[in-house]
Structure formats: C-alpha cells, structure tokens
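Structural description and commentary
Each chain, written out:
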Amino acid sequence: MLKAWLIFKKDLQQEFRTRYAINAILLFSVVTLTAVSFAIGAFSADSDILSALLWIILFFSSMSGLSHIFVREEETHTSDTLKLVSPATSVFIGKLFFNLFLLFALEIITVPLFIAVMNLEVINPSLFILVIFLGSLGLAAGGTMVAAIISKAGAKGALFTILSFPILLPVLISGISATKKAVTEPLISPAASELQALIAYAVVITTASILLFDFVWNE
Amino acid sequence: MKFIAESLSKNFSEFKIFTDISFKISSGQCLAITGRNGSGKTTLIRVLSHLIQPSAGKISLLENASIIRREDFYKYIGLVGPYLELYQDLTAQENLEFFARMKDLNNYENRIAYLMERIGLKGRENDLVKTYSSGMKQRLKYVFALLSEPEILFVDEPRSNLDEQGIQTIYEIFEEQKKSNLLILATNDSDDLQFADMRVDLNA
C-alpha cells in the first residue's frame, strides 16, 4: 500500500506541474454544463432528465481525463521504468487513487455548479452525496482498467470512450436512477437496490482489475 | 547468484526476432549481446529484464540455489537503455527519491549524493530532468540503475550520448559491477566488449 501511495503522490506532483488532466476534465465539464443550461433552460427540465444530464456530464468529463494516467506513462516512455521498480498491483492502486482524486476534484466543482445553474432541488442530500461517491468509485475503477488497456493502442482517445461505455454502463444506469430518488425521495430505502448495485459494481470491478492488471501491465 | 536463460524465443505476430537463445552466467561474469542493427539485441535485453515476456523459453535467477520469483525480480536488477526514461517534469532528486523509496532502500539520500557526484551530476540534483542534455540524461539513467546496487546490471548501448569522461566513469562502474555481481551488455563496440566473458551473437 505504501508503494501505491508513493505512485499516487508522484502522479499528483506531476499533475500539479503540468495540469493536463485536471484542466481537460474541468474545462470539458464547465463547457458541457454551460451548453446544457443554455439549451434546456433552468426551469424546464424535470428530475428524471436532470439526473441523467448530471451523470452524462460526469461520465464524458471523466472520459476526457481518466485515460491520461496511463497514456502519459506510455507516451513519455516511463512505463518500463515504473515496471522496474514496482509490482503491478501497486501501480494499479496508485493510479486508481489518482483517478479518484481527479473525479472528486471534478465533482466538488461541477456538482454544486450543476445544482445552482439547473435549479435542481435535492430532497435527500446525504443520499445524493452517497450516490455520487459510490458512482465515482465505479467510474474510477472501471476507467483506470480501461485506461491501462488502451494506453498501448494507437487511437487511444476514441478507444477509451468506446471501450469504457459498455463497462461503465451499470454505473450510469444505477447512478441516474439513485440520483433521481435522492432528488425526489426523503428516505434512503427506496434507493437501496441502486446503492447495492453501485457497491457491488465497485467491489467487483476493483477486485477483478487488481487480479487481471498484471496481464495488462506486463504485456 | 546465477542467471539462466533456456531456449528463449521472441516473435511479434509472425515476425521472428530471435530463436533458441540459451546461456548461463554467474556472479563475477559479464555477458555481451552482439548483432547487427535490427537483430534483436534490445528485445533480448527487454525479455531478460522481464519487461516483456518471451514467446517461448524460460529465464531463472537463482540465489543460493533458490529461484527468485518473477514478482520479486525487479528488486535484483538495474537497467540502462535508450527506451527507458525518467519523469521529465520532476527534478533528478525527486525522481531518484521516488525510485529509491519504491525499491525500499534505506539511507538512500547518501547513496543518491554519492552516485550523483560520481557520475558528474553534482549540483544539478534540483533541476527538472527535461532541462538536462541527452548526455546528462544518460548519466542520470546510470544513477537510477545503480541506486539499489543491483545484482544484475543490464546496459543497452552503454556509450550512448556520453562524452569521453562519461565513458571512462561507466567503465569503472562496469569493473566494480563485475567483481561481485553480473553484468549484461548489448553492444557492438569493441571497447565495451573487453568486459565480456561470454558472448551471445544474434547474427549467428
């Protein structure tokens, strides 16, 4: 775990010097949010549409930055150097931490902005935060594994979104449904099945990724 | 320490890079891999250092007759090669501290200071790697490879981008490495080949 932490710190240090991924993610989310708010207006959409729009913005914004964590290692020829000093599992966990950090940074800015701009009234804020948190875990875990797979390919940008979509679809479906309930229901219980699905997805995809990452990382 | 390669082959799809490479070397020896351009020297070094898998064959590292597990292999090796890069947006010191901590080294500050002075980079520790010249980057790669005093040192194109003083320094390092550990070079240079006790010729 210490090695994963060191890799996370190294990636964070590099990111704060170049600001490549965080700028891409934040700019994409703000531009999309602005376009959506102009297109449908603040008071015309109901909670179903707003919940879906929130997750579409989060999904596509994360697609613009999550792949960077492995693509950068390949493009700067540092992946071999990293292989020489670290077991594969530590690399995956370190990169997962970094993508989680990116997603949380994205959500801290985008979600309050979305609520304010789209005039979204959240009846159950604790459920809303829990859904966003669990959804981020799933997005980060699935996105990190796909990023590792596509980093060795030629057309990385297009491949990442195409491959991620079917893998991350369960997070989107459960996230949208649970967000809709957080917006309309005062209790957590109506969203129990969606929360279970999000937790199960995060656990399964993280475990499977840790077990399979060695095969992806070492060729 | 013994390093054994048995019947190694590597193909990329249908394209054969090399076939049936076998050798056995022990501590105190140097193996040179030679061959014309495109003969597979770099690929063989990458296979031997476990960066890529062979298509067939087996590699074993033995310490007192017990086999080192593949997952632990990285703890025993150092590698210098043109395809390896350090993190350009970090300073040399930040790079080396990161790698030293990843390799669980103790007292790494002293080791870094010693190697930076020895290799001729003292005073440039806090410069970003991207500001280094290609010769300085090559020297820094030697510091990276030697941080953990590796049992096996792999060097692909040892003299690449180095000036005469740099070449002299790395030859001294090769002498020391050979005294108690293993050295594997991929080179065609006759001066480098003076260190070799054994040779794998990929033209053959």
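Higher on the page you've got the structure.
Residues numbered from 1 in each chain as written. Chains lettered and ligands numbered in written order. Predicted model: local features only at pLDDT ≥ 70, side-chain atom pairs only at ≥ 80, totals over all residues.

Another point: the overall build of chain A. When helices and strands are counted, chain A shows nine helices and zero strands. Computed over the C-alpha atoms, the radius of gyration of chain A is 18 Å, within 12% of the 17 Å expected from 2.2 N^0.38 for a compact globule of 219 residues. Summarising its shape, the C-alpha atoms of chain A cover approximately 55 × 35 × 30 Å along the three principal directions. Here chain A, with 219 residues, has 47% of them falling under the buried criterion. A sequence separation of at least 24 residues applies to 84% of the contacts in chain A between residues at least 6 apart. (Helix = DSSP H or I, 4+ residues; strand = E, 2+ residues; numbered from the N terminus. Rg over C-alpha atoms; globule rule 2.2 N^0.38 Å. Buried ≥ 20, exposed ≤ 12 C-beta atoms within 10 Å, placed from the backbone. Contact = placed C-beta atoms within 7 Å.)

For the rest of this paragraph, the subject is the pairing of strand E3 (residues 30–34) of chain B. All names here are of chain B. Counting buried positions along E3 gives five out of five residues, so the element sits mostly inside the fold. Burial along E3 is two-sided: the residues Cys30, Ala32 and Thr34 and Leu31 and Ile33 are all buried. Where E3 meets strand E8 (residues 182–186), four bridges bridge the pair, whose relative direction is parallel. Note on E8: the bridge partner recorded for Leu31 is Ile184. Relative to strand E9 (residues 198–201), E3 runs parallel, the two sharing four bridges. Bridge pairing links Ala32 to Arg199 in E9. (Pairing = 2+ DSSP bridges.)

Let us now look at the interface of chain B and chain A. At the interface, 21 residues of chain B touch 19 residues of chain A. At the level of secondary structure, the elements contributing two or more residues to the side of chain B that touches chain A comprise strand E6 (77–80) and helix H2 (92–102) of chain B. Looking at the side of chain B that touches chain A element by element, the count peaks at five residues for H2 of chain B. Here the side of chain B that touches chain A is built from residues that sort into 13 nonpolar, two polar and six charged. (Nonpolar A, V, L, I, M, F, W, Y, C, P; charged D, E, K, R; others polar.)

Glancing now at the nonpolar core. Val143, Phe154 and Leu185 of chain B are the most contacted members of the largest nonpolar core, which has 113 residues in total. When near neighbours in sequence (up to four residues on either side) are disregarded, Phe154 of chain B contacts Ile45, Leu48, Ser49, Ile77, Leu79 and Ile184 of chain B. (Core = buried A, V, L, I, M, F, W, Y, C linked by C-beta atoms within 7 Å.)

Before going further, it helps to spend a moment on unusual backbone geometry. All names here are of chain B. Here Ser7, not a glycine, exhibits a phi torsion of approximately 50°, which is positive. Assessed through the 12 C-beta atoms surrounding it within 10 Å, Ser7 is described here as exposed. At His50, a residue that is not glycine, the phi angle is positive and equals roughly 70°. With respect to the helices and strands, the residue His50 is situated in the loop between helix H1 (41–48) and strand E4 (56–63). Look at His50 and you get partly exposed, because 19 C-beta atoms sit within 10 Å.

All names here are of chain A. For helix H4 (residues 68–75), the buried fraction is high: six of the eight residues fall into the buried class. All of the buried residues in H4 are His68, Ile69, Phe70, Val71, Arg72 and Glu73. Immediately downstream of H4, the backbone of His77 shows phi near 60°, a positive value.

All names here are of chain B. Ordered by their spatial adjacency, five strands build an open sheet running E6-E7-E8-E3-E9, and the pairing between neighbours is parallel. Of all the strands in the sheet, just E6 and E9 have a single pairing partner and so form its edges. Averaged over all pairs of adjacent strands, the angle between their axes in this sheet comes to 15°, without regard to strand direction. Bridging between E6 and strand E7 (residues 152–156) involves four bridges; their strand directions are parallel. In the sheet register, Leu79 faces E7, and the bridge partner there is Phe154. (Axes fitted to C-alpha atoms, helices over the stretch in contact; angles between N-to-C directions.)

The side chains of a regular strand alternate between the sheet's two faces. Residues and elements named next belong to chain B. Across six bridges, the pairing between strand E1 (residues 2–12) and E4 is antiparallel. Bridged to Phe3 within E4 is Leu61. Examined bridge by bridge, E4 and strand E5 (residues 66–67) share two bridges and lie antiparallel to one another. Looking at the pairing, Glu63 lines up with Ser66 of E5. Taken together, E4 and the strand that follows it, E5, pair antiparallel across an intervening segment of two residues, in which Asn64 is found at a positive phi of about 50°.

Bringing the sheet that holds E5 of chain B into the picture now. All names here are of chain B. Ordered by their spatial adjacency, four strands build an open sheet running E2-E1-E4-E5, and the pairing between neighbours is antiparallel. The open sheet has two edge strands with one neighbour each: strand E2 (15–26) and E5. Where E1 and E2 come together, eight bridges link them in antiparallel fashion. Counterpart to Ala5 in the pairing with E2 is Phe23.

All names here are of chain A. Running from amino to carboxyl end, helix H6 (residues 88–117) crosses helix H7 (residues 125–150) at an angle of 135°, the nearest separation of the two axes being 9 Å. Relative to H7, the element H6 lies oblique. The handedness of the crossing between H6 and H7 is right-handed. Residue-level inspection shows Phe92, Lys95, Leu96, Asn99, Leu100, Leu103, Phe104, Glu107 and Val111 of H6 in contact with H7, the latter providing Ile132, Ser136, Leu139, Ala140, Ala141, Gly143 and Thr144. Classifying every residue of the contact of H6 with H7 by side-chain character gives 10 nonpolar, four polar and two charged. (Parallel < 35°, antiparallel > 145°, perpendicular 65-115°, else oblique. Left-handed = near helix turned anticlockwise from the far one by under 90°.)

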